[in-house]
Amino acid sequence: MECRKCGGRASINMRQHKLPLCRDHFIEWIPAQTQRAIESYNMFQFQDRVLVAVSGGKDSLALWDVLTGLGYRADGLYIDLGIESSEYSKQSRARTETFASSNGLTLITVRAADELGVGVPAAAALTRRGRGKSCSVCGLTKRYVMNQVALKNGYDILVTGHNLDDEAATLFGNTLNWQVGYLQRQWPALEARPGFVRKAKPFCRLYERETAAYAFLRSIDYIYQECPYAIGAKSIYHKDILNRMERDRPGAKLSFYLSFLRAKAWMRFAEAQARLEFSACPVCGAPTSADGLCSFCRLKERVHERIGVSERTHSYD
Ligand code: Q46
Ligand code: ZN
Ligand code: ZN
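Bear in mind the structure is a predicted one, so any value in this text is a computation, not a measurement.

Remarks on the overall build of the protein chain
Okay, so step 1: For the protein chain, the count of helices and strands is 12 helices and 10 strands.
Okay, so step 2: The C-alpha radius of gyration computed for the protein chain amounts to 26 Å, which surpasses the reference 20 Å derived for 317 residues by more than 25%, pointing to a less compact arrangement than a globule.
Okay, so step 3: By element, 52% of the accessible surface of the protein chain is carried by carbon and sulfur atoms, the whole surface being about 18000 Å².
Okay, so step 4: Counting 44 positive and 33 negative side-chain charges, the protein chain places the averaged centre of each group 3 Å from the other.

Structural notes on the packing of aromatic side chains
Okay, so step 1: In the structure shown here, the tally under the stated rule is 7 aromatic pairs.
Okay, so step 2: Ring centres 4.1 Å apart and planes at 5 degrees place the aromatic pair Phe46 and Tyr72 in the stacked group. Linking Phe46 in the loop between α1 (23-40) and β3 (49-54) with Tyr72 in the loop between α2 (58-70) and β4 (73-80), this pair joins segments that are 26 residues apart in sequence.
Okay, so step 3: The exposure class assigned to Phe46 is partly exposed, which follows from its relative accessible area of 40%.
Okay, so step 4: Residue classification places Tyr72 among the buried residues on the basis of a relative accessible area of 5%.
Okay, so step 5: An angle of 85 degrees between the planes, with centres 6.2 Å apart, marks the rings of Phe172 and Phe256 as edge-to-face.

Here we look at the coordination of the zinc ion (ligand 2)
Ideal values differ by geometry: the angle at a metal is 109.5 degrees with four tetrahedral donors, but 90 or 180 degrees with six octahedral donors.
Okay, so step 1: Those donors, Cys3 (SG), Cys6 (SG), Cys22 (SG) and His25 (ND1), are the protein atoms that reach the zinc ion (ligand 2), and they lie 2.1 to 2.3 Å from it.
Okay, so step 2: In this structure, the zinc ion (ligand 2) is coordinated by 4 donor atoms arranged in tetrahedral fashion, with angles at the metal of 99 to 115 degrees.

So, the sheet that holds strand β6 (residues 157-159)
Okay, so step 1: Strand order in the open sheet formed by 6 strands is β5-β4-β3-β6-β8-β7, with mixed pairing between adjacent strands. Each edge of the sheet is formed by a strand with only one pairing partner; in this case those strands are β5 (107-111) and β7 (189-190).
Okay, so step 2: Of the strand pairs in this sheet, β7 and strand β8 (residues 198-200) are connected by 2 bridges, and their pairing is antiparallel. For Leu190, the partnering residue across the bridge sits in β8 and is Lys199.
Okay, so step 3: Contacts between α2 and the sheet are confined to β3, β4, β5 and β6, with β3 contributing the most and set at about 160 degrees to the helix.

Things to note about the site of ligand 1
Okay, so step 1: Around ligand 1, the structure places Leu81, Cys135, Cys138, Lys142, Cys227, Tyr229 and Ala230.
Okay, so step 2: Considered class by class, the residues forming the shell around ligand 1 number 6 nonpolar, no polar and 1 charged.

Considerations on the pairing of β3
Okay, so step 1: Burial analysis of β3 places 5 of its 6 residues in the buried class, the great majority of the element.
Okay, so step 2: Relative to β4, β3 runs parallel, the two being bridged by 6 bridges. Across the sheet, the residue bridging to Val54 is Tyr78, located in β4.
Okay, so step 3: With respect to chirality, the unit in which β3 leads through α2 into the neighbouring parallel β4 is right-handed.

The rules behind each value
- Residues numbered from 1 in each chain as written.
- Chains lettered and ligands numbered in written order.
- Predicted model: local features only at pLDDT ≥ 70, side-chain atom pairs only at ≥ 80, totals over all residues.
- Heavy atoms only, no water.
- Helix = DSSP H or I, 4+ residues; strand = E, 2+ residues; numbered from the N terminus.
- Rg over C-alpha atoms; globule rule 2.2 N^0.38 Å.
- Areas by Shrake-Rupley, 256 points an atom, 1.4 Å probe, with all protein chains shown as cover.
- Lys, Arg positive; Asp, Glu negative; His and termini not counted.
- Charge placed at Lys NZ, Arg CZ, Asp CG, Glu CD.
- Phe/Tyr/Trp six-rings, centres within 6.5 Å; stacked < 30°, edge-to-face > 60°.
- Buried < 20%, exposed > 50% of the residue type's maximum accessible area, 1.4 Å probe, protein only.
- Donors = N, O, S within 2.8 Å, 3.2 Å for Na, K, Ca; no water.
- Tetrahedral: all angles 85-135°; square planar, octahedral: opposite > 155°, others 65-115°.
- Pairing = 2+ DSSP bridges.
- Contact = heavy atoms within 4.5 Å.
- Axes fitted to C-alpha atoms, helices over the stretch in contact; angles between N-to-C directions.
- Near = heavy atom within 4 Å.
- Nonpolar A, V, L, I, M, F, W, Y, C, P; charged D, E, K, R; others polar.
- Right-handed = clockwise from strand over helix to strand, strands pointing away.

The following block contains the structure:
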């Protein structure tokens, strides 16, 4: 297959976009797509101080690479979760530190054990959440530490490497159970609130295979192995189902996620419109979406002007 841009040998074909690209054009395409997402969802600006949550995996290291390549001021935050099984934390930390030092980047490292007294799996066992429930302790710890570190160090925004597969699987899971609270909050960028830093997911429109290909083609040394606690997770089951849909219909995942974002934007607009309808017409009190008179009173005014009625008469008064 030939690269759409130069006719050279294609390294990857994005079936959903019918776009085969060679290595060089693909590693230009990823940052360009990321920049478009940053702008489309108003995530952050070049002068902002960005904190990238890095895990040593392909997505977060690729994101850090893309953002610094685009010229953003991006530092990394690695949280050592204390997962000893398969040396997961040791290996992922080593990959992250190597990436930071070989690219001359600033990395902040926090040990979960410094915050909790023990690592995440031990904390899960001690709180009787039990084996397999490490993820809830882990998620809570990560969210807390990321937010605190970003706020304390004056970062404008915290970004994570969530890709389209992650976002679509989350959306799928939340839709199956109609988790309205989560559905309400799911968006590529979340505004800062008191005590909460602004957050964004610049890779939310990129497929996992694209971020993996980017990391590979850029020779980023990331940890291939999944966290041992990820095995059997619901999100993996949901990803599988979405992958089957994607195989039959390229673009299914992207359209599922983007349609959700569009529907949400439309609902926000409709809600705002509905709120406007509650303002009362200053003349007759009827509900109106306009700031001034309701459309009937405006009509009446115009009619009266035409027929020369100088004094308004209101039959409902
Ligand atoms: S790191 Fe933590 Fe994940 Fe491992 S323990 Fe679960 S939540 S699976 S993204
Ligand atoms: Zn090319
Ligand atoms: Zn507290």
